[in-house]
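# Fold and geometry: a report
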Amino acid sequence: MATVRSTLHSNLPPPPPSSPPARNPTAASPRYRKPLTTTPAEHAALHPSEAASLLTAAARARDLRLGHALHARLLRTGTLLEADAVVANSLLTLYSKCGAVDAARSVFDGMPTGLRDLVSWTAMASCLARNGAETEALRLLGETLEAGLRPNAFTLCAAAQACFVSELFHSACGAVLGLVFKMGFWGTDVSVGCALIDMFAKNGDMVAARLVFDGLVERTVVVWTLLITRYAHGGYVDEAVELFLDMLENGFRPDQFTMSSMLSACTELGSFSLGQQLHSLALRLGLESDSCVSCGLVNMYAKSHIGQSMHNARKVFNRMPKHNVMSWTALLSGYVQRGLQDNKVLILLCEMLSEGIRPNHITYSSLLKACANLGDQDSGRQIHAHCIKSSLADVNVVGNALVSMYAESGCMAEATQAFNQLYEKNMVSISCDFDGDGMGQDYQIQRMDVGISTFTFASLVSAAASVGLLTKGQQLHALSLKAGFGSDRGIGNSLVSMYSRCGYLEDACQAFDEMSDHNVISWTSMISGLAKHGHAERALELFHDMISAGVKPNDVTYIAVLSACSHAGLVNEGKEHFRTMQKDHGLIPRMEHYACIVDLLGRSGLVREALDFINEMPCKADALVWKTLLGACKIHNNMDIGEVAANHVIELEPQDPAPYVLLSNLYADAGLWDQVARIRSAMRDKNLMKETGLSWMQVENTIHEFRAGDSSHPRAEEIYTKLDRLIRDIKGMGYVPDTSIVLHDMPDELKEQCLLQHSEKIAVAFGLISCTSATKPIRIFKNLRVCADCHSALKYVSKATGREIILRDSNRFHRMKDGECSCGEYW
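Since the model is a prediction, treat every value here as computed from it, not as a measurement.

Cut-offs used in this document
- Residues numbered from 1 in each chain as written.
- Predicted model: local features only at pLDDT ≥ 70, side-chain atom pairs only at ≥ 80, totals over all residues.
- Heavy atoms only, no water.
- Helix = DSSP H or I, 4+ residues; strand = E, 2+ residues; numbered from the N terminus.
- Expected span 1.5 Å × (residues − 1).
- Buried < 20%, exposed > 50% of the residue type's maximum accessible area, 1.4 Å probe, protein only.
- Contact = heavy atoms within 4.5 Å.
- UniProt positions renumbered as here; feature names shortened; annotations may be inferred.
- Pairing = 2+ DSSP bridges.
- Axes fitted to C-alpha atoms, helices over the stretch in contact; angles between N-to-C directions.
- Right-handed = clockwise from strand over helix to strand, strands pointing away.
- Parallel < 35°, antiparallel > 145°, perpendicular 65-115°, else oblique.
- Nonpolar A, V, L, I, M, F, W, Y, C, P; charged D, E, K, R; others polar.
- Phe/Tyr/Trp six-rings, centres within 6.5 Å; stacked < 30°, edge-to-face > 60°.
- Lys NZ or Arg CZ within 6 Å of the ring centre and 35° of its normal.

## Re helix H34 (residues 591-603)
- Taking 1.5 Å of rise per residue, the 13 residues of H34 would be expected to cover 18 Å, and the 18 Å separating its terminal C-alpha atoms lies within 8% of that figure.
- Within H34, 12 of the 13 residues are buried, leaving the element largely enclosed by the surrounding structure.
- Looking at the buried residues of H34, the elements they touch are helix H32 (555-568), helix H33 (571-583), helix H35 (607-615) and helix H36 (623-635).

Right, here's the structure in full:
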């Protein structure tokens, strides 16, 4: 069992140096902690059995310092390492388990050829396979066979572990399987079975992993747990649940690892009822107090979005005997993921700090997301300061969260600065050497101590997309190719998303087509990109290609599909996809899916049907669903249902200014200025402020920001001169300002003046005087939804100037060319 568990958890990192694990009592006794040169007695040679026992104890405790001390004593007091295979192998195993590859290799190379046995070769190969030298591990195993040694179970486990790497899996897994069959270990050895299951699962072949499992003559809880975990982590949550039920029917008692994996699976599946049954089972088995199980329960309840689930999450948290950073982070993330009570997150942070528990990078990223949801720049800046003090501000996940927080709060200068710091921290120096004619360039990458990994590139590309820094994204793309990461799927997925979010749909399609291996994230990113750019039919065709390719869609995929239907007015198709996601794929709808259907119906003018749909939902609608209905009521001027929706939002999120603003808009459209005044008075009393509209664009590596009526830009006079000329031109083509959008009781002349100073119009005027190339589109980003008047005006501008205008608002992309927009007037 110990051997199997070692195999199961072989990928866990060693304990950090700052918190060394508790040592074995023998290894930690004063006799072995004193300097080895203090007395003559301690110069005496160790007996082989005593030396082997001490080395084994040090290996079990992962005590590298004690191992070095014992090694030094062995070198000083005799020739045991050159004469006794058991002692030499024990030292080799110690270094292997502690991840000291160089030290292990030194011991192995120093062993006389005749002293090396199968244990020596296997220990060295295992050390290499566990520490990133998989190719070398397989080469060494080949030498083992050439030396005439017969592999045992441990040797085959090391070989399977080396094949966790995709390239080696495709080239060597057949040979490993052949050895397993030839040596008679297929189905007969649990440790080998676990290694093979892991090998196939880590390379995405769950069918083969299941065949290995089914072929085992004997199964243990560890084997069941391993396959359940791999199913859950691979997105095969239905299979994980089914296997868990089979495990119970076969009389096996799940342990804390099984329960933790199952809670993750049911959270992914969105099955709240199953989660409650797992909670009940955990209580009966006495596992609720385990920190991993408790964190899983907190996370499961927080993500259920049903009833008092967050209250239940807090109850589980409060019953925990001891909190740690994981449990606190699970609770904080729960509040953030719920999208409710973001202020609560900041209060909980103070409680966490008062318990003396320091937040980690996951904690900070969740807190920053909460601040982004709130639009709370002040709290975000305070948390940013905490991140800097904790030396975590430059960790990728935190840096990305900082970029997003500032960008969503409209602080583009800070967002760009956060990105630049993240970029510079990871890319120490990047030089571009141009040849004589300026046509070629050569990128030189100098890596930091932490190295530049595929994850680093993917994170930086994602951050560049948040700010709309296309130039940086393109540079990162080139650097990733130069670094040899061109085939990495994670980077490919980030590139698809980045190009799509920056308005370069053709480049996103090319990045997608160049990927050799698409997963559900790849397909979903491309489907979402096509939908947001107004290509709903292409998005739905790609979805069908995904199904045909045998890739199972997840809940996020269906959000993209339903959004595509919504933005194209495909009501019947959207309803059908909503049904099939449950019937064909067993996906339980989340609030986001219900909101998509409400949006689909509302945009198409079926506001009453949307309200009926909400009332028939199997769960209570949250603020997102009611906000979606309220937005539809604004579009179609349905004040009666709009009031109902607004009251629900205000009840659920009393500090959100959005429902007040939308309801005020409805009253203003109807000319009910007394009601408008009442709403605005209520907002003042509650200190609620409407979010300020912001547009920005990048010109020659500089971000230029514009707000309504902005005159702070150095070229303001030129901008407004160009804007006045544009307005005269497009009025001559038929443009009529839509003054009904200005929700103030004032003369039409003043209303028109307000309209003409919207940030989108200022930005496009700046783009026309800055981007003089007639072939280059003008690309504008906006933090809010584009208003109807600006949408109309920019279409006319595209026709008057012959320039394509690409506007990314908070909802989608608008590609305007020759007076037409890709959105088809659905936005």
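## Details of the UniProt feature "repeat: PPR" (unreviewed entry) in the protein chain
- Using the residue numbers shown here, the UniProt feature "repeat: PPR" (unreviewed entry) corresponds to residues 117-151, 220-254, 324-359 and 519-553.
- Taken end to end, residues 220-254 is 74% helix and 0% strand, and its two terminal C-alpha atoms sit 10 Å from one another.
- Here residues 519-553 is 74% helix and 0% strand, with 10 Å between the C-alpha atoms at its ends.

## Side note on the sheet that holds strand S8 (residues 820-821)
- Across the sheet, 6 strands lie side by side as S4-S3-S5-S6-S7-S8; this open sheet has mixed pairing. Two strands lie at the open edges of the sheet, namely strand S4 (702-707) and S8, each paired on one side alone.
- Bridge analysis of strand S3 (residues 694-699) against strand S5 (residues 778-782) gives 2 bridges, and the strand direction is antiparallel. Counterpart to Ser 695 in the pairing with S5 is Lys 782.
- Its contacts with the sheet place helix H25 (residues 412-426) against S3 and S4, and it is angled at close to 160° to S4.
- The strands touched by helix H42 (residues 759-770) are S3, S4, S5 and strand S6 (805-808); relative to S3, the strand with the most contacts, the crossing angle is about 15°.

## Regarding the pairing of S6
- Along S6, one buried face is formed by Ile 805 and Leu 807 and the opposite face, lined by Ile 806 and Arg 808, is buried too.
- Pairing of S5 with S6 involves 4 bridges; the strand directions are parallel. If you follow Phe 781 over to S6, its bridge partner there is Arg 808.
- What joins S5 to S6 is helix H43 (residues 788-801), and the crossover it makes is right-handed.
- Pairing analysis gives 4 bridges linking S6 to strand S7 (residues 813-817), with the strands arranged antiparallel. Bridge pairing links Ile 805 to Met 816 in S7.

## Points about the pairing of S4
- Where S3 and S4 come together, 6 bridges link them in antiparallel fashion. Counted as the bridge partner of Leu 694 is Arg 707 from S4.
- Hairpin connection, S3 to S4: the antiparallel pair is bridged by 2 residues, and Glu 700 has positive phi, about 50°.

## A closer look at the packing of H32 against H34
- Packing of H32 against H34 leaves a shortest axis separation of 9 Å and a crossing angle of 5°. Comparing their axes, H34 and H32 come out roughly parallel. When H32 is examined against H34, the residues Asp 555, Tyr 558, Ile 559, Leu 562, Ser 563, Cys 565, Ser 566 and His 567 are found in contact with a partner set consisting of Glu 592, His 593, Cys 596, Ile 597, Asp 599, Leu 600 and Arg 603.
- Classifying every residue of the contact of H32 with H34 by side-chain character gives 7 nonpolar, 4 polar and 4 charged.

## A word on the packing of aromatic side chains
- Evaluated as defined, the whole model comprises 16 aromatic pairs.
- Three or more aromatic residues joined by ring pairs form one cluster here, namely Phe 213, Trp 224 and Phe 252.
- The cationic tip of Lys 202 hangs over the ring face of Phe 164; the distance from NZ or CZ to the ring centre is 5.5 Å.
- The ring centre of Tyr 423 lies 4.2 Å from the NZ or CZ of Lys 472, which sits over that ring.

## Overview of unusual backbone geometry
- Residues other than glycine seldom take positive phi values, yet Asn 637 does so here, at roughly 55°.
- Structurally, the position occupied by Asn 637 is in the loop between H36 and helix H37 (639-652).
- For Asp 818, which is not glycine, the phi dihedral falls at a positive 55°.
- Within the fold, Asp 818 resides in the loop between S7 and S8.

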